[in-house]
Amino acid sequence: MENVKTEWVPVLNHGGIRIVSYMQPAEPDPNWTGDFEVVRNARTSYAGESKTGKSLTADAKLINYLVENWHTSPLESMVFTFEVKAPIFVFRQWHRHRTWAYSELSGRYQELPEEYYIPEVSQITHQSVDNKQQRTDELHPEADLIQDLIMNSCMESFKVYHQLLALKPPCPRELARTVLPLATYSHMFGTVNLLNLLKYCKLRIHGHAQYEIRVYAEQMLKMVETVCPQVILAAQRHWL
């Protein structure tokens, strides 16, 4: 396919995301899109898979029907793998989606780079009084101070981390990492089918989702749209 967004897209201050791979036919087809995987699997139930790709209008109509009526199993036929770099606290929310397969950088094997997330002042708002897990849109009057305190805490944590690793003999990496903050950046590969990716995006693009994970979900949806344009269009119409 042409124009598939597989390049690395920066997200937050040190993070980013890209598509590593996605399911394609074993026999190359220059006209293939990920939408074909979905409609072919949907038509298998009545031995009509050979019609796939013959009429893009009919394919799009079928996809819209599937999504609108929650006939979701054909969406499981399309699979993606993403490379992601994000703060640990973002990954801890991400990993709640247990339908993904994950492989994450280990601080036991490798010294972690001194990279941590510092929120922009514009993102430092009030704690919501009626939602325990959410912040408001109102800028905090001490936003600059909060930003400085977060930065200083992260810097001090990494200072201790490097001191532990510099001991002779060094402190074990698996213990030294325990002093690092949740703002520390980590790195992972995540694999998911299209249905569960859309379920992820439905939750994480919602206005109640935390900003720092929402920006990753928004980028993923843009990337997947270049592979499965009709599925994403239907999902935006009925689900997202």
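Starting from 1, residues in each chain are numbered consecutively following that chain's sequence as written. In view of the model being predicted, local features appear only for residues whose pLDDT reaches at least 70, and side-chain atom pairs are presented and counted only at 80 or more, with totals across whole chains, interfaces and linings using the full set of residues. Water and hydrogen atoms play no part in the side-chain values, which are based on all heavy atoms of the structure.

1. Some remarks on the overall build of the chain
Then step 1. Within the chain, the secondary structure is distributed over eight helices and seven strands.
Then step 2. Its C-alpha atoms give the chain principal-axis dimensions of roughly 65 × 45 × 30 Å.
Then step 3. Three exposure classes are used, based on accessible area relative to the maximum for each residue type with a 1.4 Å probe and protein chains only: buried under 20%, partly exposed in between, and exposed over 50%. The buried share among the 240 residues of the chain stands at 44%.
Then step 4. In the chain, of all internal contacts separated by at least 6 residues, the share reaching a separation of at least 24 is 70%. A run of H or I in DSSP becomes a helix once it reaches four residues, and a run of E becomes a strand once it reaches two; helices and strands are each numbered from the N terminus. Should any heavy atoms of two residues lie within 4.5 Å, those residues are counted as being in contact.

2. Some remarks on the sheet that holds strand 2 (residues 15–22)
Then step 1. By definition, two strands form a pair when at least two bridges between them are found by DSSP. Read from one edge of the open sheet, five strands run 1-2-3-7-4, paired in antiparallel fashion. Each edge of the sheet is formed by a strand with only one pairing partner; in this case those strands are strand 1 (9–11) and strand 4 (101–104). Each neighbouring strand pair of the sheet contributes to a mean axis angle of 25°, computed without reference to strand direction.
Then step 2. Inspection of the sheet shows strand 1 paired to strand 2 by three bridges, in the antiparallel sense. Bridging across to strand 2, Pro10 finds its partner in Gly16.
Then step 3. Fitted lines through C-alpha atoms give the axes, limited to the stretch in contact for helices. The angle between two N-to-C directions lies from 0 to 180 degrees. Set on the sheet, helix 6 (residues 194–204) makes contact with strand 3 (79–87) and strand 7 (185–193); between it and strand 7 the angle comes to about 125°.
Then step 4. The strands touched by helix 7 (residues 211–225) within the sheet are strand 1, strand 2, strand 3 and strand 7, with strand 2 carrying the most contacts at an inclination of about 35°.

3. Comments concerning the environment of Thr6
Then step 1. Inspection of the secondary structure puts Thr6 in the segment before strand 1.
Then step 2. Placed 207 residues apart in sequence, Thr6 and Ile213 show a C-alpha to C-alpha distance of 20 Å.
Then step 3. Residues in contact with Thr6, not counting those within four places in the same chain, are Arg18 and Ile19.

4. Thoughts on helix 7
Quick reminder: α-helices carry 3.6 residues per turn. Residues three or four places apart thus point the same way.
Then step 1. A helix's residues, less one, multiplied by 1.5 Å, set its expected span. The terminal C-alpha atoms of helix 7 lie 21 Å apart, and with 15 residues this matches the ideal 21 Å at 1.5 Å per residue to within 8%.
Then step 2. Among the 15 residues that make up helix 7, 11 are buried, leaving the element largely enclosed by the rest of the structure.
Then step 3. Among the residues making up helix 7, those that are buried are Glu212, Ile213, Arg214, Val215, Tyr216, Ala217, Gln219, Met220, Leu221, Met223 and Val224.

5. A closer look at the nonpolar core
Then step 1. Take the buried Ala, Val, Leu, Ile, Met, Phe, Trp, Tyr and Cys residues and link them wherever side-chain atoms come within 4.5 Å; each set so joined is a nonpolar core. Among the nonpolar cores identified, the biggest contains 62 residues, and Phe80, Phe82, Trp94, Leu194, Leu197 and Tyr216 are the most heavily contacted of them.
Then step 2. Of the residues forming this core, the biggest block, eight residues, is contributed by helix 7.
Then step 3. Those residues in contact with Leu197 that lie beyond four places of it in its chain are Phe80, Phe82, Trp100, Val192, Met220 and Val224.

6. Looking at the side chain of Gln93
Then step 1. Structurally, Gln93 can be placed in helix 3 (residues 88–94).
Then step 2. With relative accessibility at 18%, the residue Gln93 sits in the buried group.
Then step 3. Contacts of Gln93, omitting those with residues within four sequence positions, involve Arg204, Gln210 and Ile213.

7. Thoughts on the packing of aromatic side chains
Then step 1. For Phe, Tyr and Trp, rings pair up if their centres lie within 6.5 Å, where Trp contributes its six-membered ring, and each pair is then called stacked (planes under 30 degrees apart), edge-to-face (over 60) or tilted (otherwise). By the definition in use, this model includes 14 aromatic pairs.
Then step 2. Taking 6.2 Å as the distance between ring centres and 35° as the angle between the ring planes, the aromatic pair formed by Tyr22 and Phe80 counts as tilted. Within this pair, whereas Tyr22 is found in strand 2, its partner Phe80 is found in strand 3, the two being separated by 58 residues in sequence. Exposure class is identical for Tyr22 and Phe80. Each is buried.
Then step 3. An angle of 20° between the planes, with centres 4.3 Å apart, marks the rings of Trp70 and Trp239 as stacked. With Trp70 in the loop between helix 2 (56–68) and strand 3 and Trp239 in the segment after helix 8 (229–238), this residue pair connects regions lying 169 residues apart in the sequence.
Then step 4. Among the aromatic side chains, those forming a connected cluster through ring pairs are Tyr22, Trp32, Phe80, Phe82, Phe91, Trp94, Trp100, Tyr102, Tyr200 and Tyr216.

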